[in-house]
Amino acid sequence: MIHSKANRRYQVIINIVLLLVTVIMIAPLVLLFMSSVSSEASLLNNGYSFWPEEFSMAAYQYILANGQTIFRAYGVTVVVTVVGTVINLLLCSMAAYSLSIQKLPFRNIISFFIFFTMLFNGGLVPSYLMWTSTFHIKNTIWALIVPNFLCGAMNIILIRTYFMTSIPEALYEAAKIDGASYLYIFRKIAVPMGVPIFVTVGLFSGLGYWNDWTNGLYYINDAKLYSIQTLLNKMIQDIQALQANATAASSGAAMQIPTVSVRMAIAFVALAPILIIYPFLQKYFAEGIAMGAVKG
Amino acid sequence: MVTGLKKNKKKEKLTWVQFKQYIPLYLMLLPALIYLFINNYIPMTGIVVAFKKYSKKKGIYGSDWNGLENFEYLFKNDAGLIIRNTLLYNIVFIVLGMVVGVTLAILITDVLSKRLKKLYQSAIMLPFLISIVIVSYIVFAFLSVENGMINNSLLKPLGLSPVQWYAEPKYWPFILTFVNIWKGCGYGTLIYIAGIVGIDPSFYEAARLDGATRWQQITKITIPCLVPSLITMTMLSLGRIFASDFGLFYQVPQNSGALFSVTQTIDTYVYRALISSGGIGRSAAAGFFQSVVGFALVMGANALVRKISRENAMF
Amino acid sequence: MKMKRRLALLLTLAMGMSVLAGCGGNAGTGGDTGTDGSGEGGSTSGGAASTEADGSTGGDAASGNTGSTGVEIDFDEEPYEATLMYWVGNDARDVDSVEEAFNELTLSQLNIKVNLMPVTLGTHAQQIQMVLSSDDDLDIFPFYGGNMGSYIDADYIVDMSEYMDTCGQDLIRVIGAEDVECGKMNGFQAGVPNMHERTNPTMFVLRTDLLEEAGFTAEDIKTAEDLTPVFAAVKEKHPEITIFGGANSSSYAGAISGALVDALDGKNFGVLPNMGQDTTVVNWYETDTFMDACKLMHEWYEAGYVSADFATCTDPGESLMRAGNLFSFITYGKPNSKAEKDAMTGYDTTCIKVTPDVCYTQTTNALLYGISSNSEDPEKAMILLNWIYATKEANDLLNWGIEGKDYVVQEDGTIDYPEGVTAETAGYHQDYGWAQMNQYNSYVWTGNAPDVWEQYQQIRDGATVSKAYGFFFDTTPVLNEIAALTSVSDEYLFTITSGSVDPETAIAEFNEKLYSAGLQTVMDEKQAQLDAWLAEQ
């Protein structure tokens, strides 16, 4: 772009707008973190604020004391996320590429077959019955990877749309005339050009795995296989149940749990690794996008 | 399947030799199709329970049929209001989500500073990472009548009387829309950024040589190039138009009864109706009802898109 | 087309069989037998196969014949493997040792091997539907009495009445014949109540220091109305704190319905007024009692005693008081309430009961232990359940863990942590007696009166008993109405009971909505079922 005055002014304006947006996006997270290090009494008495009256690490102490398995759970989550995301991307991009070929016979029927899965579902019970009694995945690591998240219509469709818009039909024709097979075109043209969308979809898929606690809840009874979200989710549920039903005198201990700040701390504990890893991902993200731009 | 084959034959006279070159493509499709078949289609047959009086002993498929009995409760009470809420919110979310997403994507890709660009990209994704339950606590932190930041730190110093946020329905359409866009816009924005980056730069060069302004470039190049992505995203949301984010409509308004006129959607109604009596037949019925409407809308929209521009149709 | 149809059939078969396999009774091996529909019993565990020979399993018909021998234990056969689900407060580290000790008892006394399956409440709520619909191992499990109707309707549970005479005698003895009836619906014994309080009187918990500072004592307060001057005095001295609060469900106008009227099914759509002494179903929300209570709440709200967030608050009063920001809240009164609330709030509290003790079915059957239809041998499950209610060691193990390791007995007979063990380091410590089968037959934790369970029993024995005690409304014929009513009630109830709106107009509007959602239909059905039940008694 030519560096004119108008351009510079444009840059200033969009940066101001985007900085404002950034503040709106980040402020609630800061509040979240601040609440997690507030003392319970100051939360209940004075409400949430960006600068609490009284700081306290009780929430984090509680989490550490009660989640002996917390580091193990992080490990489980990382493995599940990495394995799941890789398989997900592989399955989705292959399928999406095939469907982006307009001439492919039965293309519409197959697209419909895939899209249809987004519209109808049979509910949890039939899925549970199938996965547990036919595939026996209960209490295995596969229970966290396979059901629901391995490959979704959404991702296939997003990648397909991307291929269709950014890889011109003419490119295929040219390659075909040169004698290249579809497989060759996939490896040499589609994959490198698709990096931006792979990164985007990979991010969504990875976050899907990272944030999922439902598979863990339904299919895992063995604490060794808890993912971090399953563990934290259970912790929240259990605190609530414990306080709502605490009866005997010694349950005074239950009431000493800093409920409100623990909720916030738990959210932050689940989020923190992403905040740490994200800048590194961003690098690939930016590079991927740059690469796509050059190739395009 | 058979009819599809016939159609194709008529059109292209598909020969075996021609067909052979597509075999690798089918093989590449296969793993995803098998997975979807297992993960989605096999359990999908369980939908029949929506028309049955479920009995564990007889199993989902063996239970007795009971017609549309499981659907009755859906239309028992204020069905009009509930459907209206669900539809209106979804339409607003779709349109606004698109506008905000595309705008942010264009602005972010226009930023020259790489570091700032990174910052913006990260920031818009952050709310996407927080679960809706936590979002409801954050919203409460702002709106709580006694301790909320808006009442305490904003209205009080200005000498205004505190607002009973959780008892005043009139504010909630805006609050819920804001929360939804705030939480969800990162998703669309990233898709659109990827789409914009994929646009052939030579288009812009040619436009600049012709003296096109930035605004003209956006309206004549960027947005038309994003149309396929926009259609896809809209189609995906149309399928869910009768569904709603349960957490957004239940937890964020703190399940406040006074707000039901603007917060009750199909999902919250089903939850409230079934929490005491349960029954997988009834919940399946609600899901089926939502799916059928979504399905009809998507088929209609797809037919429309096919008429206008064939290549942008979903199928 | 043909191929398509065959595929569909195949699919249906594959799915259907895995479902059916669960009903055939092969809980553990359902998946395997699913491929071979005819192999009933063939692939069950060795134990079940050998018991089949002497005819003690293999269906409902057989159990009648073997009734007399039902409680005689055959130690020669393979031990039956039972899965026992029970509610706990936390995920204990050392369930294995407890299970081992538990099995030592059950193997030697019952020839049953038990898999303990402790679940926390939060997890249970989300998992139970799937466990019940699947063929997972499950023999005994806890559930809310309110679910009886839907569980019976969906065939999730086994009717215990046919085993009651042969192997449930201890249950009847321990629980009491009258109370056991509360686990019944339409003659179907869905479960047996666990041992917890049988009355839910409304009790105010007040901070003693502020009460005394305001110049009042417990003697001055007999009814909720007596609190108004107390609140005014405390408010004057401490304008900064909330006078009355807690979770939205614990409003005075809300709580008294559990004490003053018999809701017959736990939901207040049609109740028996006057502590269940009248047998004509009326609309609770049209009674003067409800209106007066709402007016009192409204008066308190207008005077600024009640938190403006009360209608949506879900934080329990105990937490709020502990944080130092609350003077009073409502709870269900029990003999040991004061000790309990003192510990929970961290303040010296004054607990005042403002309604009498009355027994309603919905209080007693709040929590039932029943037998899942996944059970391979419901009779054995019944034997086990019966034994646990009667066996102190069993209840001690499930609630307190292992003696010497997780707790020690003190001189006064109560128990405490061994030296050096704390709540954090204990291998197994639930303190969840209210949800366990028979806390009355187990140790009392230190800090409670050693005779606390006798006090519970005294209250039960001295309580007024509703005329409909033992009857529980089956909602299945009016589920659609109940669904609509629940939604209406969610919309209005907490706003009205919080006192934030004028009760006269709001209650009128509420009732109008209730009637248009089908309240009359539900009340008529309730009355009809109740009349039929009364006629039988």
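Residues numbered from 1 in each chain as written. Chains lettered and ligands numbered in written order. Predicted model: local features only at pLDDT ≥ 70, side-chain atom pairs only at ≥ 80, totals over all residues. Heavy atoms only, no water.

Student: Describe the overall build of chain C, and please don't skip the residues or the numbers.
Tutor: Within chain C, the regular secondary structure consists of 25 helices and 15 strands. Taken over 537 residues, chain C has a buried fraction of 61%. The contacts of chain C with a sequence gap of at least 6 include a subset with a gap of at least 24, amounting to 78%. Accessible area for chain C stands at about 20000 Å²; split by element, carbon and sulfur atoms hold 51% of it. (Helix = DSSP H or I, 4+ residues; strand = E, 2+ residues; numbered from the N terminus. Buried < 20%, exposed > 50% of the residue type's maximum accessible area, 1.4 Å probe, protein only. Contact = heavy atoms within 4.5 Å. Areas by Shrake-Rupley, 256 points an atom, 1.4 Å probe, with all protein chains shown as cover.)

Student: Give a description of helix H18 (residues 337-345) of chain C that names residues and reports values.
Tutor: All names here are of chain C. Ser337, Glu340, Lys341, Met344 and Thr345 are the residues of H18 that are buried. Buried residues of H18 fall within an arc of 110° about the axis and therefore sit on the same side. A positive backbone phi angle near 80° is found at Gly346, which sits one or two residues after H18. (Arc of directions from axis to C-beta.)

Student: An account of the interface of chain B and chain A is requested, with residue identities and associated values reported.
Tutor: In this complex, chain B contributes 95 residues to the contact, which on the side of chain A involves 100 residues. Both faces combined, the contact of chain B with chain A buries some 8800 Å², and carbon together with sulfur accounts for 77% of it. Taken as a group, B:Met28, B:Tyr35 and B:Leu129 account for 8% of the area that chain B buries against chain A, more than any other trio of residues on that side. Across the contact surface, chain B and chain A share zero salt bridges. Where chain B meets chain A, there are 15 residue pairs in polar contact (both at pLDDT 80 or more). With 18 residues, helix H3 (residues 23-44) of chain B is the largest single contributor of residues to the side of chain B that touches chain A. A breakdown of the residues in the side of chain B that touches chain A according to their chemical character gives 70 nonpolar, 16 polar and nine charged. (Buried area = accessible area lost by both parts, 1.4 Å probe. Salt bridge = Lys/Arg side-chain N within 4 Å of Asp/Glu carboxyl O. Polar contact = N/O pair within 3.5 Å; in protein donor to acceptor, adjacent residues only side chain to side chain. Nonpolar A, V, L, I, M, F, W, Y, C, P; charged D, E, K, R; others polar.)

Student: If you had to explain the nonpolar core to someone new, which residues and values would you point to?
Tutor: By size, the foremost hydrophobic cluster in this structure holds 302 residues, and its most contacted members are A:Tyr97, A:Ile156, C:Phe204, C:Tyr252, C:Trp300 and C:Phe327. For this core, the element with the highest residue contribution is helix H9 (residues 172-197) of chain B, accounting for 15 residues. When neighbours within four sequence positions are excluded, C:Tyr252 is seen to be in contact with C:Thr202, C:Phe204, C:Ala224, C:Phe244, C:Ala293, C:Leu296, C:Met297, C:Ile330 and C:Val354. The next biggest cluster of nonpolar side chains, apart from the first, holds 45 residues, and it includes C:Tyr369, C:Val444, C:Val452 and C:Trp453. (Core = buried A, V, L, I, M, F, W, Y, C linked by side-chain atoms within 4.5 Å.)

Student: So, the sheet that holds strand S8 (residues 242-245) of chain C: which residues are in play, and what are the values?
Tutor: Residue and element names in this part refer to chain C. The four strands lie next to each other as S8-S9-S7-S10, forming an open sheet whose pairing is mixed. Each of the sheet's edge strands pairs with one partner strand only, and the pair in question is S8 and strand S10 (349-353). Along the sheet, successive strands turn relative to each other by an average axial angle of 20°, direction set aside. The pairing of strand S7 (residues 202-207) with S10 spans five bridges and is classified as antiparallel. Its bridge partner lying in S10, Arg207 is registered against Thr349. Along the sheet face, H18 touches S7, strand S9 (326-332) and S10 and points at about 140° away from the line of S10. (Pairing = 2+ DSSP bridges. Axes fitted to C-alpha atoms, helices over the stretch in contact; angles between N-to-C directions.)

Student: I'd love a proper account of unusual backbone geometry, names of residues and values included.
Tutor: Residue and element names in this part refer to chain C. Here Asn274, not a glycine, exhibits a phi torsion of approximately 55°, which is positive. Tracing the backbone through its elements, the reader meets Asn274 in helix H15 (residues 273-276). On the basis of relative accessibility, which here comes to 41%, the residue Asn274 falls in the partly exposed class. A positive phi angle is found at Asp431, which is not glycine, with a value near 50°.

Student: Please give an account of the pattern of salt bridges that cites residues and values.
Tutor: Within the structure shown, the criterion is met by 28 salt bridges over all chains. Notably, a salt bridge pairs C:Asp136 with A:Lys138, separated by 3.1 Å at the nearest N-O pair. Taken as a pair, C:Asp136 in the loop between helix H6 (121-133) and strand S3 (140-144) and A:Lys138 in the loop between helix H6 (124-134) and helix H7 (142-145) lie in two separate chains rather than in one. Taking the relative accessible area as the measure of exposure, C:Asp136 reaches 14% and is therefore buried.

Student: How would you explain the domain arrangement of chain B if you had to name every residue and give the values?
Tutor: For chain B, the assigned domains read domain 1 (1-38) and domain 2 (49-312). Here domain 1 of chain B and domain 2 of chain B have C-alpha centroids that lie 35 Å from each other. (Domains from an automatic or database assignment.)

Student: Which residues make up the side chain of A:Ser35, and what values do they have?
Tutor: Residues and elements named next belong to chain A. Summarising the element assignment, Ser35 is placed in helix H1 (residues 5-36). Judged by relative accessible area, which is 1%, Ser35 ranks as buried. In this structure the side chain of Ser35 is engaged in a polar contact, spanning 2.6 Å, whose partner is the backbone oxygen of Leu31. The contacts of Ser35, once residues within four sequence positions are left out, are Leu43, Tyr48, Ser261 and Met264.

Student: Tell me about the packing of helix H23 (residues 479-497) of chain C against helix H24 (residues 503-516) of chain C, and please be specific about residues and values.
Tutor: Residues and elements named next belong to chain C. For the pair H23 and H24, the least separation of the axes is 10 Å and the interaxial angle reads 175°. Judged by the angle between their axes, H23 and H24 are roughly antiparallel. Judged by residue contacts, Leu485, Val488, Ser489, Glu491, Tyr492, Leu493 and Ile496 of H23 engage Ala506, Ile507, Glu509, Phe510, Lys513 and Leu514 from H24. Class assignment for the residues of the contact of H23 with H24 results in nine nonpolar, one polar and three charged. (Parallel < 35°, antiparallel > 145°, perpendicular 65-115°, else oblique.)

Student: Break down the environment of C:Gly304 for me, citing the residues and quoting the values.
Tutor: Here C:Gly304 shows up in the loop between helix H16 (288-302) and helix H17 (317-322). Residues C:Gly304 and C:Lys235, spaced 69 residues apart in sequence, show a C-alpha to C-alpha distance of 8.5 Å.

Student: Run through the domain arrangement of chain C, naming residues and quoting values.
Tutor: Residue and element names in this part refer to chain C. Each domain of chain C was delimited in the assignment, giving domain 1 (45-197 + 360-474) and domain 2 (200-356 + 475-537). Domain 1 and domain 2 are separated by 32 Å when their C-alpha centres are compared. On the side of domain 2, 31 residues touch domain 1, which itself brings 23 residues to the contact. In this assembly, domain 1 packs against domain 2 so that about 2400 Å² is buried in total across both faces, 56% of it on carbon and sulfur atoms. Contact with domain 2 buries surface across domain 1, with Tyr360, Phe471 and Phe473 losing the most and accounting together for 32% of the total. For the pair domain 1 and domain 2, the interface holds twelve residue pairs in polar contact (both at pLDDT 80 or more). Breaking the side of domain 1 that touches domain 2 down by element, the ones donating at least two residues are helix H7 (148-153), helix H19 (361-364), helix H22 (452-462) and strand S15 (464-465). In terms of residues, the side of domain 1 that touches domain 2 owes the most to one element, H22, which gives four residues. A per-class count over the side of domain 1 that touches domain 2 returns ten nonpolar, nine polar and four charged.

Student: So, the packing of aromatic side chains: which residues are in play, and what are the values?
Tutor: Residues and elements named next belong to chain A. Enumeration over the complete set of coordinates arrives at 69 aromatic pairs over all chains. Geometrically, the ring pair formed by Phe33 and Phe268 is tilted, given 4.7 Å between the ring centres and 50° between the ring planes. Residue Phe33 is found in helix H1, and its partner Phe268 is found in helix H15 (residues 259-295); the two are separated by 235 residues along the sequence. When its relative accessible area of 19% is taken as the criterion, Phe268 is described as buried. (Phe/Tyr/Trp six-rings, centres within 6.5 Å; stacked < 30°, edge-to-face > 60°.)

Student: Describe the side chain of A:Arg107, and please don't skip the residues or the numbers.
Tutor: Tracing the backbone through its elements, the reader meets A:Arg107 in helix H5 (residues 107-119). In this structure A:Arg107 touches A:Leu99, A:Ser100, A:Ile101, A:Gln102, A:Arg160 and A:Met164, once residues within four positions along its chain are discounted.

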